[in-house]
Each structure stands twice: as structure tokens, then as C-alpha cells.
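# Breakdown of the fold
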Amino acid sequence: MPALEAVLSPRVVSSTDPDALPNRPAPSAKLERQSRTDSLEFWHRVTLQTVRSDSPDLSARQLAMLMTIYLEKGPHTVRSLAAHLQVTKAAISRATDSLCKLGYIVRQPDHRDKRSVVLARTSAGIHFLSEFADIIQAERS
């Protein structure tokens with residue numbers, strides 16, 4: 001299984017491209033623009049595969065938070081994730097509790113601010129997201 005960093009590493013694209021998003025690949029000439037129905041059908045197939053797997057079901061918020069921790073440069077705190085995802089700190093705290101119980105992230109002391117904690121990656125989280133990426137790639141084919 002390739003390392004998560006190789007599978008899911010963010011790519012920086014030129015800021016001169018008006019269609020490019022920060023840390024997202026530029027649209028490929030090979031990829032056609034999908035209809036809404038095609039997009040929903042694709043996401044439905046991905047969701048079905050994740051439901052059928054042995055992995056725990058994550059909420060959209062938990063998945064967004066987990067991917068943010070793994071794909072975007074940290075350190076990640078409850079406060080920074082709440083601001084980034086535009087949700088309350090309480091929502092991030094609840095998601096943190098769930099993701100820690102699953103072993104996908106851990107709380108670590110913040111060496112810069114002793115009052116805060118940093119949310120860090122784990123090998124279990126890397127494994128979960130690697131399998132999730134494999135499902136997406138298989139459905140794309």
C-alpha cells in the first residue's frame with residue numbers, strides 16, 4: 001500500500017489559473033465536465049462502497065476534518081479547524097472525540113501554547129484514507 005502522502009499529497013497550482021483552487025490540481029484536459037446527475041451517481045457509488053466496507057461510517061464533518069488534518073499543513077487545533085471548516089469549536093470537539101476513539105487522530109500537547117492541544121495523524125487514519133482514496137480511484141475507472 002503506498003504511503004498516504006504519495007496518494008493524497010496536495011498539489012500546488014499556479015495562482016494565475018482562474019479555475020485553479022489552492023492546493024488542488026488544475027483541471028485536466030482529459031476530464032470532461034460531468035453533469036450533476038453524473039456527479040451524484042459517482043458520489044453514490046463511492047458512498048455505497050464505503051458503506052459496504054468494514055470501515056466505520058464517518059459523518060461528512062468528520063471526513064472533512066480528517067482530510068483537512070491529513071492533506072493540509074498543520075499544526076491543527078480545534079480553533080484552527082473550526083475557522084477553516086466554518087463550524088463551531090463544539091462541533092470540532094465532538095468530531096475530535098469520535099475520530100480519537102477510532103484511532104484516526106490523536107491529541108498532543110501544543111508546545112507553542114500550553115493551553116492548547118494539536119490534533120495529529122495516526123497510522124490508522126492513514127490506512128483509512130488510503131482505502132478511501134482507493135475506492136474513489138476504482139470508481140473513477
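To be clear, the structure that these remarks concern was listed above.
Let us look at the structure shown here. The model shown is predicted, which means the values in this text are computed figures rather than measured ones. Sequence positions are assigned chain by chain, starting from 1 and proceeding in written order. Two thresholds apply to this predicted model, a pLDDT of at least 70 for residue-level local features and 80 or more for giving and counting side-chain atom pairs, whereas whole-chain, interface and lining totals are computed over all residues. Hydrogen atoms and water are omitted, and side-chain values are computed over all heavy atoms in the structure.

## Focus on the nonpolar core
In a soluble, globular protein the nonpolar side chains are often hidden away together inside. Counting 21 residues, the largest nonpolar core has Met65, Leu66 and Ile105 as the members making the most contacts within it. Runs of H or I in DSSP of at least four residues are treated as helices and runs of E of at least two as strands, each being numbered from the N terminus. Counting residues per element, this core draws most heavily on helix H3 (residues 60–71), which supplies five residues. Every residue in contact with Leu66, bar those within four places of it in the chain, is listed here: Leu58, Leu99, Tyr104, Ile105, Phe128 and Leu129. Here, nonpolar core refers to any group of buried Ala, Val, Leu, Ile, Met, Phe, Trp, Tyr and Cys residues whose side-chain atoms link them within 4.5 Å. Think of it in three bands: with a 1.4 Å probe and only protein chains considered, a residue is buried below 20% of the maximum accessible area for its type, exposed above 50%, and partly exposed in between. Throughout, a contact is declared for two residues whenever any of their heavy atoms are within 4.5 Å.

## Points about the pattern of salt bridges
Salt bridges are counted wherever a side-chain nitrogen of Lys or Arg sits within 4 Å of a carboxyl oxygen of Asp or Glu. The full count for this structure, using the stated rule, is four salt bridges. Between Asp110 and Arg112 there is a salt bridge whose closest N-O contact spans 3.5 Å. The exposure class of Asp110 is buried, given its relative accessible area of 5%. Judged by relative accessible area, which is 63%, Arg112 ranks as exposed. For Asp113, the salt bridge identified is with Arg115, shortest N-O distance 3.0 Å. Relative accessible area serves as the criterion here: at 25%, Asp113 is assigned to the partly exposed category. We classify Arg115 as exposed; its relative accessible area is 78%.

## Brief notes about helix H2 (residues 36–52)
Residue count minus one, scaled by 1.5 Å, sets the expected span of a helix. Between its terminal C-alpha atoms H2 stretches 24 Å, which fits the 24 Å expected from 17 residues at 1.5 Å a residue. Among the residues making up H2, those that are buried are Phe42, Val46 and Thr50. Viewed end-on, H2 has its buried residues packed into an arc of 75 degrees, placing them on one side of the element. Opposite the buried face of H2, at more than 90 degrees from it, the exposed residues are Arg36, Leu40, Val51 and Arg52. Summarising the contacts, the buried residues of H2 are in contact with helix H6 (123–140). Relevant arc is that of directions from the helix axis to the C-beta atoms, nothing else.

## Considering the side chain of Asp110
In this structure, Asp110 sits in the loop between strand S1 (105–109) and strand S2 (117–121). Looking at Asp110, its side chain comes within polar contact range of the main-chain nitrogen of Arg112, at 2.9 Å. Once you skip the residues sitting within four places of it in the chain, Asp110 turns out to touch Thr77, Ser116, Val117 and Val118. In the analysis that follows, any N or O atom pair within 3.5 Å is treated as a polar contact, provided that within protein one partner can donate a hydrogen and the other can accept it, and provided that, for residues neighboring in sequence, both atoms belong to side chains.

## Section: the packing of H2 against H6
To define axes, lines are fitted to C-alpha atoms, for helices over the stretch in contact only, and angles between the resulting N-to-C directions are given on a 0 to 180 degree scale. Packing of H2 against H6 leaves a shortest axis separation of 10 Å and a crossing angle of 135 degrees. Taken together, the axes of H2 and H6 are oblique relative to one another. Between H2 and H6 lies a crossing of right-handed hand. Contacts between H2 and H6 involve Phe42, Trp43, Arg45, Val46, Gln49 and Thr50 on the former and, on the latter, Phe132, Ile135, Ile136, Glu139 and Arg140. Here the residues of the contact of H2 with H6 sort into six nonpolar, two polar and three charged. Any angle that is under 35 degrees is reported as roughly parallel, and any over 145 degrees as roughly antiparallel; angles of 65 to 115 degrees are reported as roughly perpendicular and all others as oblique. When the near helix sits turned anticlockwise from the far one by under a right angle, the crossing is termed left-handed; a clockwise turn instead gives a right-handed crossing. The residue classification treats Ala, Val, Leu, Ile, Met, Phe, Trp, Tyr, Cys and Pro as nonpolar and Asp, Glu, Lys and Arg as charged. All others, Gly included, are polar.

So yeah, pure geometry; function would need other evidence.
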